[in-house]
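# Coordinate inspection notes
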Amino acid sequence: DAGVTQSPTHLIKTRGQQVTLRCSPKSGHDTVSWYQQALGQGPQFIFQYYEEEERQRGNFPDRFSGHQFPNYSSELNVNALLLGDSALYLCASSLDWDSYEQYFGPGTRLTVT
Amino acid sequence: DAKTTQPTSMDCAEGRAANLPCNHSTISGNEYVYWYRQIHSQGPQYIIHGLKNNETNEMASLIITEDRKSSTLILPHATLRDTAVYYCIVTVDSWGKLQFGAGTQVVVTP
């Protein structure tokens, strides 16, 4: 049973560019959450997708957007990249939208230069 | 904002029990305590959770004080693979939104 997978593993972008990160949830999970983890800090909640809709959002600007597909996979898009967007982006999946027992992927390391 | 306080770091000898404290003095009656850990270069991993009773699973035990203002995660026989950052999280009616703090860096030494 495959766990949560994310792609790509690493990514280098230039300030002002746009980036798309992808996530496939654990089999049987229908909820996907995205977190940003800056170096040396704990993960910070970006948003959550359930039934192809954004259900909750953390304190992130509109430059951060997402999408969930009918197969429950998800994308995170970041526009107009800033140097401060450099971080590890983690995807987590769960059985229900209100579940705190979440399974995390290995993350995508984004570097903005 | 995280509602928990944890020590920044702690060391533990391999084979010994590791006792990780967490203070959550403002916890409400319906809020759970969750523990996750993050091994270097990996995503966080769920360990255990509890409301008011002590809990045990194959990974760890969770002891919650009677007043629920603090808890302790116990790794009964620490191994080198338990070296990680451990996060104590209180579920603040946030419907599945995990609010991570800085966590405790645990280093298990031979």
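The present account deals with the structure reproduced in this document. (Residues numbered from 1 in each chain as written. Chains lettered and ligands numbered in written order. Predicted model: local features only at pLDDT ≥ 70, side-chain atom pairs only at ≥ 80, totals over all residues. Heavy atoms only, no water.)

### A look at the pairing of strand β9 (residues 87-94) of chain A
All names here are of chain A. Most of β9 is tucked away: 8 of the 8 residues are buried. In terms of strand pairing, strand β4 (residues 31-37) meets β9 through 7 bridges, oriented antiparallel. The partner of Tyr35 across the bridge, within β9, is Leu90. Relative to strand β11 (residues 108-112), β9 runs antiparallel, the two sharing 3 bridges. Its bridge partner lying in β11, Leu88 is registered against Arg109. Pairing between β9 and strand β10 (residues 103-104): 2 bridges, direction antiparallel. Residue pairing across strands places Ser93 opposite Tyr103, the latter belonging to β10. (Buried < 20%, exposed > 50% of the residue type's maximum accessible area, 1.4 Å probe, protein only. Helix = DSSP H or I, 4+ residues; strand = E, 2+ residues; numbered from the N terminus. Pairing = 2+ DSSP bridges.)

### Notes on the sheet that holds strand β8 (residues 74-78) of chain A
All names here are of chain A. Spatially, the 4 strands line up as an open sheet ordered β1-β3-β8-β7, and their pairing is antiparallel. The open sheet has two edge strands with one neighbour each: β1 (5-7) and β7 (64-68). Pairs of neighbouring strands in the sheet enclose a mean axial angle of 20 degrees, with direction left out of account. Summarising the sheet, β7 and β8 pair through 5 bridges and their orientation is antiparallel. Counted as the bridge partner of Gly66 is Leu76 from β8. (Axes fitted to C-alpha atoms, helices over the stretch in contact; angles between N-to-C directions.)

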